[in-house]
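Chain residues, written in single-letter form:
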Amino acid sequence: MEKEEKLSFIKRFIEEVSTHFLKEESPMIIQEDYENVRDIILLYAKQTNLLNGLLVLLENNYTEESYILLRSQINNYMLIEYLCHDDSSKSRYKEFIMQPLKSDYKFLKDLKKAIDKGWYRDSEFPDRINKLNNIKRELRRNGYDLNNTRTLSPITVASLAKEDKLQFGIYISLYRQASKYEHSDPTSLEVYRTQILEEYSSSVVFKMDLSKSNTEDELKILDMASNTYFLTLSHLLQYLTQNYPHLLETYDKAKLIEITANAVIRHSSINKVEFIESLINRTE
């Protein structure tokens, strides 16, 4: 498939997923103790929007900028995989929901350093101490040692990548490549320079060209983004089918199988026949 054909197919697939799996704009009920499932599905909804945004950038030839959304999408995929391989006590989900608290704790500690440097006045943040103490209490209540900075570290892509060979392969290849554009690595800036004098390289004399894009990477990014989206969906449906089959009872089984088949068929590591048979049996 060429670029336009691939874009068209992925858009149709996203529309099918949004309507029949994510049930966009339709009421959803998640009972108590199933909050982990709710948030995993919401993470996939976020991945859907990330892919939609990436398609818009590629349609307008913003190849380098689309790398940034690809990076976020890969991060999202690995987080869903992490949560779908939780234990019976949901320890991974508990760690996941503590991330905002850890982030706020770090922010308030950094804010204290900025105040100590005289950049701000303490009076500008009258609730800072109370907020910090409340966060400390909550972290301790959840078993965190405030003297152990390692336990207060956020979930990182580097740590998630070590969970699986495929994830690590994605991390050392495209994720790291995409990170160059996210962090404005000097090598990511070369594309904006166009040589104008034959006797001088574009690093010396150049014309700024904001419309210039590395079109050779377009299909690579599009393939990685769509394959990540398909793979995440197939694993997510497998997770729901094996662990929470009753949650799929309200879905259109035939449509769900059709969508699943389109996702699974692109991954040789998944046995399409066995997977779809399992889905049929568990949603009877």
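As a starting point, this report considers the structure included with it. Predicted model, so just to flag it, every value in this text is computed and none were measured.

Thresholds applied
Residues numbered from 1 in each chain as written. Predicted model: local features only at pLDDT ≥ 70, side-chain atom pairs only at ≥ 80, totals over all residues. Heavy atoms only, no water. Helix = DSSP H or I, 4+ residues; strand = E, 2+ residues; numbered from the N terminus. Buried < 20%, exposed > 50% of the residue type's maximum accessible area, 1.4 Å probe, protein only. Contact = heavy atoms within 4.5 Å. Areas by Shrake-Rupley, 256 points an atom, 1.4 Å probe, with all protein chains shown as cover. Expected span 1.5 Å × (residues − 1). Arc of directions from axis to C-beta. Phe/Tyr/Trp six-rings, centres within 6.5 Å; stacked < 30°, edge-to-face > 60°. Lys NZ or Arg CZ within 6 Å of the ring centre and 35° of its normal. Salt bridge = Lys/Arg side-chain N within 4 Å of Asp/Glu carboxyl O. Core = buried A, V, L, I, M, F, W, Y, C linked by side-chain atoms within 4.5 Å.

**Thoughts on the overall build of the chain**
Phase 1 of the analysis: In terms of helices and strands, the chain carries 11 helices and 2 strands.
Phase 2 of the analysis: In sequence order, the chain lays out its α and β elements as α-α-α-α-α-α-α-α-β-β-α-α-α.
Phase 3 of the analysis: Taken across its 284 residues, the chain has 41% of its residues classed as buried.
Phase 4 of the analysis: Of the contacts made within the chain by residues no fewer than 6 positions apart, 68% connect residues no fewer than 24 positions apart.
Phase 5 of the analysis: Accessible surface for the chain amounts to roughly 16700 Å². Of this, 49% is attributable to carbon and sulfur atoms.

**Description of helix H1 (residues 3–20)**
Phase 1 of the analysis: With 18 residues, H1 ought to run about 26 Å at 1.5 Å a step, and its terminal C-alpha atoms sit 26 Å apart, in line with that.
Phase 2 of the analysis: Every buried residue of H1 is accounted for by Lys3, Lys6, Leu7, Phe9, Ile10, Phe13, Ile14, Val17 and Ser18. Looking down the long axis of H1, one finds its buried residues gathered within 165 degrees of arc, a one-sided arrangement. Exposed and facing more than 90 degrees away from the buried side of H1 are Glu4 and Glu15.

**Section: the packing of aromatic side chains**
Phase 1 of the analysis: If you walk through the whole model with that rule in mind, you get 12 aromatic pairs.
Phase 2 of the analysis: Centre to centre, the rings of phenylalanine 168 and tyrosine 171 are 6.3 Å apart; their planes meet at 40 degrees, and the pair counts as tilted. Note that phenylalanine 168 and tyrosine 171 are positioned in helix H8 (residues 165–182) at a spacing of 3 residues, about one turn of the helix.
Phase 3 of the analysis: Judged by relative accessible area, tyrosine 171 falls into the buried class, the value being 17%.
Phase 4 of the analysis: Chaining the aromatic ring pairs together yields one cluster made of Phe9, Phe13, Phe21, Tyr44, Tyr229, Phe230 and Tyr251.
Phase 5 of the analysis: The ring of tyrosine 251 carries the charged tip of lysine 23 above its face, separated from the ring centre by 4.1 Å.

**Notes on the pattern of salt bridges**
Phase 1 of the analysis: Throughout the structure, instances matching the rule amount to 13 salt bridges.
Phase 2 of the analysis: The partner of lysine 255 in a salt bridge is glutamate 16, with the nearest N and O atoms 2.6 Å apart. Of the two residues, lysine 255 sits in helix H10 (residues 253–264) while glutamate 16 sits in helix H1, which places them 239 residues apart along the sequence.
Phase 3 of the analysis: For the salt bridge of lysine 112 with aspartate 116, the shortest nitrogen-to-oxygen distance reads 2.8 Å. Remark: aspartate 116 and lysine 112 occur in helix H5 (residues 99–116); sequence separation between them is 4 residues, near one turn of the helix.
Phase 4 of the analysis: For aspartate 116, a relative accessible area of 54% gives the class exposed.
Phase 5 of the analysis: One salt-bridge network, in which partners are shared between bridges, spans Glu16, Lys255 and Glu258.

**Some thoughts on the nonpolar core**
Phase 1 of the analysis: Counting 53 residues, the largest nonpolar core has Val17, Phe21, Tyr44, Met78 and Leu233 as its most contacted members.
Phase 2 of the analysis: A per-element tally of this core places helix H9 (residues 218–243) first, with 12 residues.
Phase 3 of the analysis: In this view, valine 17 contacts Leu22, Lys23, Tyr44, Tyr229, Leu233 and Ile259; residues no more than four positions away in its chain are not counted.
Phase 4 of the analysis: In this structure, Leu132, Ile135, Leu139 and Leu146 belong to the second largest nonpolar core, which totals 12 residues.

**With respect to the environment of lysine 207**
Phase 1 of the analysis: Note that lysine 207 resides in strand S2 (residues 206–208).
Phase 2 of the analysis: Taking the relative accessible area as the measure of exposure, lysine 207 reaches 45% and is therefore partly exposed.
Phase 3 of the analysis: With 13 residues separating them in the primary sequence, lysine 207 and threonine 194 have C-alpha atoms 5.1 Å apart.
Phase 4 of the analysis: When residues no more than four places from it in sequence are discounted, the contact partners of lysine 207 are Tyr192, Arg193, Thr194 and Ile196.

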